[in-house]
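Listed here are the chains, written in short residue letters.
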Amino acid sequence: MTTKVDICARALVMIGAQPITSFSDGSTEALVASNIYEDFAESSLTRHRWKFATNQKKLSLLTAAPEGRYDYAYQLPASPGVLQISTVTVNDYVIPYTRYEDMLYINSYGSNHDVILDYIFRVDEDYFPPHFRLALIYDLASAFAGSIARDTAMTREFKTLSDRQFLISKNIDSAEVTSKTLDTTRYINLRNSTRTDV
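The paragraphs below set out a description of the structure included in this document. The residue count restarts for each chain, going from 1 along the sequence in the order it is written. Thresholds applied to this predicted model are a pLDDT of at least 70 for local features of residues and 80 or more for the giving and counting of side-chain atom pairs; totals over whole chains, interfaces and linings are not thresholded and use all residues. With hydrogens and water set aside, each side-chain value is computed from the structure's full complement of heavy atoms.

**A word on the overall build of the chain**
When its secondary structure is counted, the chain shows five helices and eight strands. By definition, any uninterrupted DSSP run of H or I lasting at least four residues is a helix, any uninterrupted run of E lasting at least two residues is a strand, and each is numbered from the N terminus. Going residue by residue from the N terminus, the α and β elements of the chain occur as α-α-β-β-β-β-β-β-β-β-α-α-α. Across the chain, every contact between residues at least 6 apart in sequence was considered, and the portion connecting residues at least 24 apart equals 71%. Residue burial considers only the protein chains on display, and all accessible areas are found by Shrake-Rupley using a 1.4 Å probe. Just so you have it, the chain exposes about 12200 Å², and 49% of that area is on carbon and sulfur atoms. We call two residues in contact whenever any of their non-hydrogen atoms come within 4.5 Å of each other.

Spelled out as structure tokens, the structure:
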């Protein structure tokens, strides 16, 4: 089971610092890690529409309508909370929306429609795949290199590694879909329609 502390400890070891055993062990490393980790984790989760951090929920229509410009207000999920909205659909059709605080405002759809939200949420560290976890570790190492090691060159080096690993991670994540097959029906129909008997 991978924890927040495990991820921070690995990043600290990469810059030559002492690993931590908790966020409250009294060390400088723990103080820095406990103050920056959550922001780095959430920022990393919103860099891409990660499939491992995507959820889908039917939204609840609120009784009170928006003050203006929109017909309906829907409550966004609180648990797990929404980090980033991917799509909003009705009958699998993508619809326009606007986010206001913890609500979603839309027009033309009300109590007779199921509004479905696809969104990125703060997934537990246990669900971080290895490729994503490594990118986050490099990103944290870059921050630790500046705040703890005070080494600008090391900061840049780990930032480069992080950016590169996030690209690799995005490619791996994007490949986790059903393979598309070529529909040959229209080609066969075209061939048959233009075929002449000899």
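Here the narrative resumes.
**Thoughts on the sheet that holds strand β5 (residues 93–94)**
Taken in spatial order, the four strands of this open sheet run β1-β8-β4-β5, and their pairing is antiparallel. In this open sheet, the two edge strands, each paired with only one partner strand, are β1 (54–58) and β5. Where strand β4 (residues 82–90) lies against β5, two bridges are found, and the strand directions are antiparallel. Each residue of the ladder has a partner; that of Thr-89, found in β5, is Val-94. Pairing between two strands requires that DSSP report at least two bridges joining them.

**What about the sheet that holds strand β3 (residues 72–75)?**
The sheet built from four strands is open, its strands ordered β2-β3-β7-β6 with antiparallel pairing. What marks the edges here is a single partner per strand, and that holds for β2 (60–61) and β6 (98–100).

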